[in-house]
Amino acid sequence: MVAKKLNLKDKYRALTRDLDWDYDYADRKKAFPYEEFEGIKITDWSKWEDPFRLTMDAYWKYQAEKEKKLYAIFDAFSQNNGHLNVSDARYVNAIKVFLTGVSPLEYQAFQGYAHVGRQFGGAGARVACQMQSIDELRHVQTQIHAMSHYNKFFDGFQDWTHMHDRVWYLSVPKSFFDDARSAGPFEFLIAISFSFEYVLTNLLFVPFMSGAAHNGDMATCTFGFSAQSDEARHMTLGLEIIKFLLEQHEDNVPIVQKWIDKWFWRGTRLLAIVAMMMDYMLPNKVMSWKEAWEVYFEDAGGALFKDLARYGIRMPKFVETTAKEKEHISHQAWWIFYTHGHAAGFHTSIPSAEEMDWLSEKYPDTFDKYYRPRWELAKEMEDRGERFYTNGLPQLCTTCQIPMGFTEMDDPTQIAYRSSDFEGEKYHFCSDGCKHIFDEEPEKYVQSWLPVHQIYQGNCGGADVETVLREYYKMNLGEDNMDFKGSPDEKRWNEWKSKGVA
Amino acid sequence: MSKVYLALQDNDDSRYIVEAISEDNPSATVINQPAMIRIENEGELVVLRETVEEKIGREWDVQELHLSLITLGGNVDEDEDQLRLSWNV
Amino acid sequence: MTIEIKTATLQPIRNTFANIERRFGDKPASRYQEATYDLQGETNFHYRPLWQPQYELNDKSRTQIKMEDWYDLKDPRQFYYGTYVQQRAKHQEATETNYSFFDKRGLTEHLPEEVKSHLITYLIPLRHVEHTANLNNMYGCAFGYGTAITQALLYNAMDRLGNAQYLSRIGLLLDGNSSESLATAKQEWLKNPAWQGMRALCEEMTTVEDWFEVFIAQDLVVDTLVFNLFYEQLDQKLAVMGGRDVALLTEFMQVWNKDSSRWLDSVLKTVASESEDNRALLEEWVQQWRVKTLAALRPVIAAMLDKGDALDIADALLEARLKKIGITR
Ligand SMILES: [Fe+2]
Ligand SMILES: [Fe+2]
Ligand SMILES: [Zn+2]
């Protein structure tokens, strides 16, 4: 027998997709029932190119190595009380938002990829999704373990999973992933693997993790970069799925384009939270949201869409709006949270004088003109002992579920309102993008569990905000919420500092 | 032409990998950022196993790259000898 | 500097997350606990799945089994991702040593032809059964309820892919990396009448709806029988035929089976003792799948093993396991 050595590609093929076979005894459609209803046409799964060729033995080996390093750092972090090294206790609020808002999405990614990792008829795609599923489980679990130490010394982390299912602003990320998971398997992949992981995830992780490094948070920085090392594989899956669908059948092109339009907008709305974290929540800044958007979306995304043009794919709808929004979105989002700080599970605060100068420098066209006056007024009120909180509950956008606080981009003094009628009801939106998404699938979005509506309907344990926060959200009032100034977090931090610990 | 890029965690292995990449892609730009190193190039970027092994002084599997990789942009082509990033335009 | 700190200053304000405290009291928690309990969304789902509008995204009613608390199904191995991959990495390193020893010593050449053909006809086709097990465990992971069971099912699914890949590598050792033996073994799986019962059974399992029934069929019934027949009884036969060294290549699967059985028995014991309804349902499923699996295995076992009582031995083992778990009385 002539020993012909298999190359990596053929070997991987033999070790994965060759395990599957054509069914003769059972109905294969019954085993893989969700492949057709979205209208996507797959003529030949064997054309799937495996983006990375990791067999399980190599997977265990490399991932174990990453985990060993990561947990060694976690152990050292808690033994040495690493939380004392952060730039300022205000910083910790950024990772509260992360644990309550982002980590549960990692969990949903684990679930979503498990589902498609079972349901795709092609073994190559299935295995890639299964590996992503277990990676995403890794991400949520390492995030919990990284935050576990912070939870012992700061408020606001303790009921993250309970909060994620209920709290008003956390319905923004929750509904994002519920939307993706409740979609068909191909839309899920375009939503998460392509639009989110490939096009937008760098905006979530890279600047944020550099921010953690810059603010002395070794635990977060380490898990973040360690998680990102899996992300390179996920991004490549995102690019592979889109090329695969577009090459399989020309009828797939308009369907895919529609999903790209939807998920790009959905993603940019979700990232408004990251925008405000970068510009307002990191005491030591890394780069502005606007800069991050330019590097990680405009440059990187531009190259990508140029590459996809040969399939007839164009830039996502409303991309011109985002070019204007990058100047405004972080300021407007933080203002929403600042004014609703009594109902948030983390602490808000007014940017310091130096921070305002930094914002002026980074946003020369907008900050001084529109936002500085607001913060200076807020500061005056705070100095008078009248820290400003908005009474009442905000109206939410039916699609993205963010309170209606974003403006017209051509007139940043004017709150944007859009609406649609469906079956005799009126629905409200924050933007053309969100309205468009609703209009394409109204039957889906009328189901939205809008936290404010739910409170008014008495489904959240009480009619007044305080009862909802305390009973239904299980927030520790006076500890988790309100301004950073005067919070127990601040008090403890100052005590550590005065004792020379921090 | 569009830029392809990859970013690595700033650790010991990465330094050798970056050295190898710079040698094999003379037109590439190396940018140091907090805790990470970003390398970009017009059109194409290649990581060759052989060069990395030369720099690092031991056997090196292309898949080991994933231990330090933070992100990348471009179409990926990976086999036992190299990892290549490229755009088709 | 730290000497100055009064210990009181750095006292933690809480020991663990609130959900863990509600379950286990105000005391330090293990990493397994913090990474397992209550992770999955429980309520206020925004949209019904387009692909299963009769259910919520996370829904307990995807199985007939009822648990007061699905998080009772904890993993005695306390596997969360980090402990899981590190455990498997250790194990794969040892296996790698075995495989490269086998390869370097040219042990393939010392195998009698008859042993080789046994491997190709009977052992290597098992990779398709492992592939089915991968699908079935993924199914439970995706449709199951509560991280305690769903994470363990995912680890199991990935393990099965690993098993399938090790079996494939046995083929590559035999054919000097040409993958011819894999192709031949696949033809056995697809065409050999002796295998068709098993193939039909595998195909059928992937069409069953209730995820817990799939779990019982695959991980309890099929696996108990298959692992005994193929990794113990076949192994003994191969040893007699001069193929003792093959055990080096199947050690991973044998050790794996022990590890996974510990988890499975513990989980099923909890489910069976939760209620008489659960137990009765488990028993019904087991009996159904037991009859089918034994029938499916009969021809291939008859051809593979010379002993007439091979199936009875495996079935007795299953019976003992069912008693131990508390499914049959
Ligand atoms: Fe992730
Ligand atoms: Fe990911
Ligand atoms: Zn909106």
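Residues numbered from 1 in each chain as written. Chains lettered and ligands numbered in written order. Predicted model: local features only at pLDDT ≥ 70, side-chain atom pairs only at ≥ 80, totals over all residues. Heavy atoms only, no water.

(A) Focus on the overall build of chain B. Scanning chain B from N- to C-terminus turns up two helices and seven strands. Taking 12 Å as the expected radius of gyration for a compact globule of 89 residues, we find that chain B reaches 12 Å, a close match to that expectation. Summarising its shape, the C-alpha atoms of chain B cover approximately 35 × 30 × 20 Å along the three principal directions. Put simply, of all contacts in chain B between residues at least 6 apart along the chain, 63% involve residues at least 24 apart. (Helix = DSSP H or I, 4+ residues; strand = E, 2+ residues; numbered from the N terminus. Rg over C-alpha atoms; globule rule 2.2 N^0.38 Å. Contact = heavy atoms within 4.5 Å.)

(B) Up close: the overall build of chain A. Scanning chain A for helices and strands turns up 21 helices and two strands. Radius of gyration (C-alpha) of chain A: 24 Å, near the 23 Å computed for a compact globule of 502 residues. Taken over 502 residues, chain A has a buried fraction of 70%. Contacts spanning at least 24 positions in sequence make up 79% of the contacts within chain A whose residues lie at least 6 apart. In the structure as shown, chain A presents an accessible area of about 16,100 Å², 50% of it carried by carbon and sulfur atoms. (Buried < 20%, exposed > 50% of the residue type's maximum accessible area, 1.4 Å probe, protein only. Areas by Shrake-Rupley, 256 points an atom, 1.4 Å probe, with all protein chains shown as cover.)

(C) Seen up close, the interface of chain A and chain C. On the chain C side, the residues contacting the 104 residues of chain A number 90 residues. Both faces considered, chain A and chain C share a buried interface measuring about 8,500 Å² in area, 60% of it formed by carbon and sulfur atoms. When the buried surface of chain A facing chain C is broken down by residue, A:Leu19, A:Trp21 and A:Trp60 rank first, second and third, together holding 10% of it. The closest approach of N and O atoms between C:Arg14 and A:Asp155, which form a salt bridge, is 2.9 Å. Joining chain A to chain C, the criterion identifies 55 residue pairs in polar contact (both at pLDDT 80 or more). Among the elements that line the side of chain A that touches chain C, the one with the most residues is helix H5 (residues 123-151) of chain A, at 16 residues. Tallied by class, the residues present in the side of chain A that touches chain C amount to 42 nonpolar, 28 polar and 34 charged. (Buried area = accessible area lost by both parts, 1.4 Å probe. Salt bridge = Lys/Arg side-chain N within 4 Å of Asp/Glu carboxyl O. Polar contact = N/O pair within 3.5 Å; in protein donor to acceptor, adjacent residues only side chain to side chain. Nonpolar A, V, L, I, M, F, W, Y, C, P; charged D, E, K, R; others polar.)

(D) Molecular detail of the coordination of the iron ion (ligand 2). Residues and elements named next belong to chain A. Only Glu 136 (OE), Glu 197 (OE), Glu 231 (OE) and His 234 (ND1) from the protein reach the iron ion (ligand 2) as donors, at distances of 1.9 to 2.3 Å. Classification of the site at the iron ion (ligand 2) as irregular follows from its four donor atoms and the range of 84 to 180 degrees in their angles at the metal. The sequence pattern describing where the donors of the iron ion (ligand 2) fall on their chain is E-x60-E-x33-E-x2-H. Between the iron ion (ligand 2) and the iron ion (ligand 1), a spacing of 3.3 Å is present, and a bridge between the two is formed by Glu 136. Placement of the pair is Glu 136 in helix H5 and Glu 231 in helix H9 (residues 218-248), with a sequence separation of 95 residues. For Glu 136, a relative accessible area of 2% corresponds to the buried category. (Donors = N, O, S within 2.8 Å, 3.2 Å for Na, K, Ca; no water. Tetrahedral: all angles 85-135°; square planar, octahedral: opposite > 155°, others 65-115°.)

(E) Layout of the arrangement of the chains. Contact analysis covers two pairs of chains in contact, and the most contacts occur between chains A and C. In this structure chain B stays clear of chain C, and the shortest span between their C-alpha atoms is 15 Å.

(F) Quick peek at the sheet that holds strand E7 (residues 82-86) of chain B. All names here are of chain B. A sheet is described by the order of its strands in space; here three strands give the open sequence E4-E7-E6, paired in antiparallel fashion. Each edge of the sheet is formed by a strand with only one pairing partner; in this case those strands are strand E4 (44-48) and strand E6 (75-78). The sheet shows a mean angle of 10 degrees between the axes of neighbouring strands, taken without regard to direction. Judged from the five bridges that link them, E4 and E7 form a sheet pairing that is antiparallel. Residue pairing for E7: Val 46 is matched across the bridge by Arg 84. (Pairing = 2+ DSSP bridges. Axes fitted to C-alpha atoms, helices over the stretch in contact; angles between N-to-C directions.)

(G) Focus on the coordination of the zinc ion (ligand 3). Residues and elements named next belong to chain A. Surrounding the zinc ion (ligand 3) are the protein donor atoms Cys 397 (SG), Cys 400 (SG), Cys 430 (SG) and Cys 434 (SG), at 2.3 Å. With four donor atoms in place around the zinc ion (ligand 3) and angles of 106 to 116 degrees between them, the coordination shape is tetrahedral. Note on Cys 397: relative accessible area 0%, which makes it buried. Among the residues examined, Cys 430 registers a relative accessible area of 2% and is labelled buried.

(H) Geometry of helix H3 (residues 56-79) of chain A. The first and last C-alpha atoms of H3(A) sit 34 Å apart over 24 residues, in line with the 34 Å expected at 1.5 Å per residue. Directly beyond the C-terminal end of H3(A), a positive phi value near 50 degrees is found at A:Asn81. (Expected span 1.5 Å × (residues − 1).)

(I) Focus on the packing of aromatic side chains. Taken as a whole and judged by the stated rule, the model has 67 aromatic pairs over all chains. Taking 5.9 Å as the distance between ring centres and 70 degrees as the angle between the ring planes, the aromatic pair formed by C:Phe79 and C:Tyr84 counts as edge-to-face. With respect to class, C:Phe79 is no different from C:Tyr84; both count as buried. In textbook terms, an aromatic cluster arises when at least three aromatic residues are bridged by ring pairs, as seen for A:Phe77, A:Tyr150, A:Phe153, A:Phe154, A:Phe157, A:Trp493 and A:Trp496. One cation-aromatic arrangement involves C:Arg169 over C:Tyr99; the distance from NZ or CZ to the ring centre is 4.9 Å. The ring of C:Trp289 has C:Lys292 lying over it, and the distance from NZ or CZ to the ring centre is 4.4 Å. (Phe/Tyr/Trp six-rings, centres within 6.5 Å; stacked < 30°, edge-to-face > 60°. Lys NZ or Arg CZ within 6 Å of the ring centre and 35° of its normal.)

(J) The nonpolar core, seen in detail. C:Phe212 and C:Phe230 are the most contacted members of the largest nonpolar core, which totals 320 residues. At 18 residues, helix H8 (residues 185-214) of chain A tops the list of elements feeding residues into this core. Every residue in contact with C:Phe230, bar those within four places of it in the chain, is listed here: C:Tyr122, C:Leu123, C:Leu126, C:Trp195, C:Asp235, C:Leu297, C:Ile301 and C:Met304. (Core = buried A, V, L, I, M, F, W, Y, C linked by side-chain atoms within 4.5 Å.)

(K) The arrangement of the sheet that holds strand E3 (residues 36-42) of chain B in detail. The antiparallel open sheet is built from four strands, whose spatial order is E2-E3-E1-E5 (chain B). A single partner strand is all that each edge strand has here, and the edge strands are strand E2 (29-33) and strand E5 (69-73) of chain B. Between one strand axis and the next, the sheet turns through 15 degrees on average, direction left out of account. In this sheet, E3(B) lies alongside E2(B) in antiparallel orientation, the contact comprising five bridges. Note on E3(B): the bridge partner recorded for B:Gln33 is B:Met36. Those strands touched by H8(A) are strand E1 (3-9), E3 and E5 of chain B, and its axis lies near 145 degrees from that of E5(B). Sitting on the sheet, H9(A) touches E1, E3 and E5 of chain B, and the angle it makes with E5(B) is about 30 degrees.

(L) Summary view of the pattern of salt bridges. All names here are of chain A. Per the stated rule, a full pass over the model turns up 89 salt bridges over all chains. Ionic pairing is found between Arg 53 and Glu 49, a salt bridge with its closest N-O pair at 4.0 Å. By relative accessible area, which is 38% here, Glu 49 ends up partly exposed. Here the salt bridges share partners, and the residues they tie into one network are Lys 66, Glu 67, Asp 135, Arg 138, Asp 230 and Arg 233.

(M) View of the environment of A:Lys474. Take A:Lys474: it is sitting in the loop between helix H20 (465-472) and helix H21 (488-498). For A:Lys474, a relative accessible area of 32% gives the class partly exposed. Aside from chain neighbours lying at most four places away, what touches A:Lys474 is A:Asp159, A:His162, A:Leu469 and C:Arg22.

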